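Structural characterization, general
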Amino acid sequence: MNTGICEVVVTAGDAEALAKLTRTLVEERLAACGQNIASIRSIYRWDGAVQDDPEARVGLHTRTALVPELDERVKALHSYDVPCVIALPVLGGNPAYIDWVLAETREPASSSSPD
């Protein structure tokens, strides 16, 4: 089933900055909502060493077709050199919720690409 929506995961080192980013993306209708988790622990390799840092995470619900624009906006506003921005498909769910996500997000800027 193609719902036309996805969840985009973004992480950041500062929970308040991530909440502000989430609000901006919702205000700009690039996401219908964002469910923020203020405290996660990220273990990753960076610059040749394993890092272990506190971070925050948000799951943004949006149109799949908006992912490229959302990605560019996050990269423009984020403090990281390489922010985590990954889109996970939504294969199904409450049809009314899926319709709500579609209604609360805008059409992509370049609607020439098929979706």
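To be clear, the structure that these remarks concern was listed above.
Rules used in this analysis
Residues numbered from 1 in each chain as written. Predicted model: local features only at pLDDT ≥ 70, side-chain atom pairs only at ≥ 80, totals over all residues. Heavy atoms only, no water. Buried < 20%, exposed > 50% of the residue type's maximum accessible area, 1.4 Å probe, protein only. Helix = DSSP H or I, 4+ residues; strand = E, 2+ residues; numbered from the N terminus. Arc of directions from axis to C-beta. Contact = heavy atoms within 4.5 Å. Core = buried A, V, L, I, M, F, W, Y, C linked by side-chain atoms within 4.5 Å. Pairing = 2+ DSSP bridges. Phe/Tyr/Trp six-rings, centres within 6.5 Å; stacked < 30°, edge-to-face > 60°. Salt bridge = Lys/Arg side-chain N within 4 Å of Asp/Glu carboxyl O.

All of the buried residues along helix H2 (residues 67-77) are Val67, Leu70 and Val74. Seen end-on, H2 carries its buried residues on one side only, within an arc spanning 65 degrees. Of the exposed residues in H2, the ones pointing more than 90 degrees away from its buried face are Pro68 and Ala76. Those residues of H2 that are buried are in contact with strand S1 (5-12), helix H1 (15-27), strand S3 (49-63) and strand S4 (85-89).

Our focus in this paragraph is the nonpolar core. Residues Val8, Val10, Leu18, Leu25, Leu60, Leu70 and Val74 are the most contacted members of the largest nonpolar core, which totals 17 residues. Counting residues per element, the ones that place at least two in this core are S1, H1, S3 and H2. Sort the elements by how many residues they give to this core and S1 lands first, with four residues. Those residues in contact with Val10 that lie beyond four places of it in its chain are Leu18, Leu21, Ala56, Arg57, Val58, Leu60, Val74, His78, Cys84 and Val85.

A positive phi angle is found at Arg29, which is not glycine, with a value near 65 degrees. Looking at the element boundaries, Arg29 is found in the loop between H1 and strand S2 (33-46). Assessed through its relative accessible area of 35%, Arg29 is described here as partly exposed. With a phi angle near 55 degrees, Asp47 is a residue other than glycine that sits in the positive phi range.

Our focus in this paragraph is the side chain of Thr11. Inspection of the secondary structure assignment puts Thr11 in strand S1. Apart from residues no more than four positions distant in its own chain, Thr11 is found in contact with Ile40, Glu55, Ala56, Arg57, His78, Tyr80 and Cys84.

Where S1 and S3 come together, eight bridges link them in antiparallel fashion. Pairing of Glu7 across the sheet is with His61, part of S3. Where S2 and S3 come together, 12 bridges link them in antiparallel fashion. Each bridged residue has a counterpart across the sheet, and for Ile43 the counterpart in S3 is Asp52. Linkage of S2 to S3, two consecutive antiparallel strands, is achieved through a turn of two residues, within which Asp47 is found at a positive phi near 55 degrees.

Taken as a whole and assessed by the stated rule, the structure comprises one aromatic pair. Between Tyr97 and Trp100 the ring centres are 5.5 Å apart and the planes differ by 35 degrees, which places this aromatic pair in the tilted class. Here Tyr97 pairs with Trp100, and both are found in helix H3 (residues 95-104), just three residues apart, close to one helical turn. For Tyr97, a relative accessible area of 30% corresponds to the partly exposed category.

In this section: the pattern of salt bridges. For the coordinates displayed, the defined rule picks out six salt bridges. Two residues, Arg41 and Asp52, come together in a salt bridge whose shortest N-O distance is 2.6 Å. Of this pair, Arg41 sits in strand S2 while Asp52 sits in strand S3; the two residues are 11 residues apart in sequence, bridging distant segments of the chain. Three or more residues are tied together by salt bridges with common partners; here these are Asp71, Glu72 and Lys75.

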